[in-house]
Structures are given as C-alpha cells and as structure tokens.
Amino acid sequence: MSVLYPERPSLNYSKYPQELQGPIKKYEDFIANRLQPDLQQVLGLRDTIYNRMSEYLKLKTHIETIRTQGLEELETKVDLGSDFFVKAFVPDTAHIYVSVGFGFHLQMTLEEADTFIDDKVKHLEK
C-alpha cells in the first residue's frame, strides 16, 4: 500500500472487456511498483531540501536579531539531537560558524553569512 493511496482497492477486471484486462493490469502494476515508489523518493528529497532551507532561514533570522539588538555576546540553547538541548554561551557574535555542506563549517562574519545564506537558499530553490 502507498502513503498517497492507503485504501486503494484492487480493480475488478471482470467488468472490462477481455482484451483490456491485460493492459489495465499492466498499467496498474506499473503505477504501483514503479511510479509510486519514485514519487515517494522524490517527495523525501524535496522534504530534505525544504528542511535545509528552513534551517538556513532560521539562521538568517538569528543573525538579524543579533544585529538589531546589538548583541556582542549571546546565551542560547543548542540542540544536540533528539531534542536534547544544552545551554551555550557565545562570547563574541562578530563571527559565526556556518555549515557549508559535506560536514564542513566555515567561520564567517555576519555579513558573509547573510550573503552565503541568500546564495544557498537560491541554489536550493532550483
């Protein structure tokens, strides 16, 4: 069964002419065994991209908050995974570390991070 069509009943082929029953079954199998799994894979990839975009946009919001409030140091909570948070203290907000992909993080100024985020989000939207 598919996530998109959880209660999809099997067709009653006897109501169709004999010469159409084979092709109908063939197309139904193709949809169920090829197109629906491909669709699930594409939807999963789309969700991954949207999650990345969301994280970058949250970071952009945090950068804007640091700027507007003139914060030179920051006390925050960091998610270590599985919704496990710890307190963190940032003594200097002039530079932040930004994930650039493949497990790499670069130290950037707030302006550099803003520019990078804009470019990254545009790239992810393609």
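Heads up: the structure comes first, above all this text.
Residues numbered from 1 in each chain as written. Predicted model: local features only at pLDDT ≥ 70, side-chain atom pairs only at ≥ 80, totals over all residues. Heavy atoms only, no water.

Asks: Looking at this model, I keep getting lost on a nonpolar patch on the surface. Mind explaining?
Replies: A cluster of nonpolar side chains, namely Val 78, Leu 80, Phe 84 and Val 86, defines an oily patch on the protein surface of about 350 Å² accessible area. With respect to the secondary-structure elements, Val 86 resides in strand E2 (residues 85-90). Judged by relative accessible area, Val 86 falls into the partly exposed class, the value being 30%. (Patch = residues over 30% accessible without salt bridge, like charges linked within 9 Å, V, L, I, M, F, W, Y side chains within 5 Å. Areas by Shrake-Rupley, 256 points an atom, 1.4 Å probe, with all protein chains shown as cover. Salt bridge = Lys/Arg side-chain N within 4 Å of Asp/Glu carboxyl O. Helix = DSSP H or I, 4+ residues; strand = E, 2+ residues; numbered from the N terminus. Buried < 20%, exposed > 50% of the residue type's maximum accessible area, 1.4 Å probe, protein only.)

Asks: Where do I start with the pairing of strand E1 (residues 74-79) in this structure?
Replies: Every regular strand shows the same layout, with side chains that alternate between the two sheet faces. Looking at chain direction, E1 and E2 are connected through 6 bridges and run antiparallel. Of the residues in E2, the one forming a bridge with Thr 76 is Ala 88. Between E1 and E2, which follow one another and run antiparallel, lie 5 residues, and Gly 81 among them has a positive phi close to 125°. (Pairing = 2+ DSSP bridges.)

Asks: Any chance you could explain the nonpolar core here in plain terms?
Replies: If you look at soluble globular proteins, the nonpolar side chains tend to sit buried side by side. Formed by Met 53, Tyr 56, Ile 63, Ile 66, Ile 96, Val 98, Met 108, Leu 110, Ala 113, Ile 117, Val 121 and Leu 124, the largest nonpolar core amounts to 12 residues. Elements supplying a minimum of two residues to this core: helix H1 (18-69), strand E3 (95-101) and helix H2 (110-125). With 5 residues, H2 is the largest single contributor of residues to this core. Not counting residues within four places of it along the chain, the set of residues in contact with Met 53 comprises Val 121, Leu 124 and Glu 125. (Core = buried A, V, L, I, M, F, W, Y, C linked by side-chain atoms within 4.5 Å. Contact = heavy atoms within 4.5 Å.)

Asks: Teacher, can you tell me more about the environment of Phe 84 here?
Replies: Locating Phe 84 in the fold gives a position in the loop between E1 and E2. Spatially, the C-alpha atom of Phe 84 lies 61 Å from that of Gln 18, the residues being 66 residues apart in sequence. With sequence-adjacent residues up to four places away left out, Phe 84 is seen in contact with Val 78 and Asp 79.

Asks: Got a minute to help me understand the side chain of Asp 114 in this structure?
Replies: Secondary-structure assignment places Asp 114 in helix H2. Within the structure, the side chain of Asp 114 is placed 2.8 Å from the side chain of Lys 60, a separation counted as a polar contact. Setting aside residues no more than four positions away along its own chain, Asp 114 makes contact with Lys 60, Ile 63 and Arg 67. (Polar contact = N/O pair within 3.5 Å; in protein donor to acceptor, adjacent residues only side chain to side chain.)

From the geometry alone we can't say anything about function, so treat these as descriptive.
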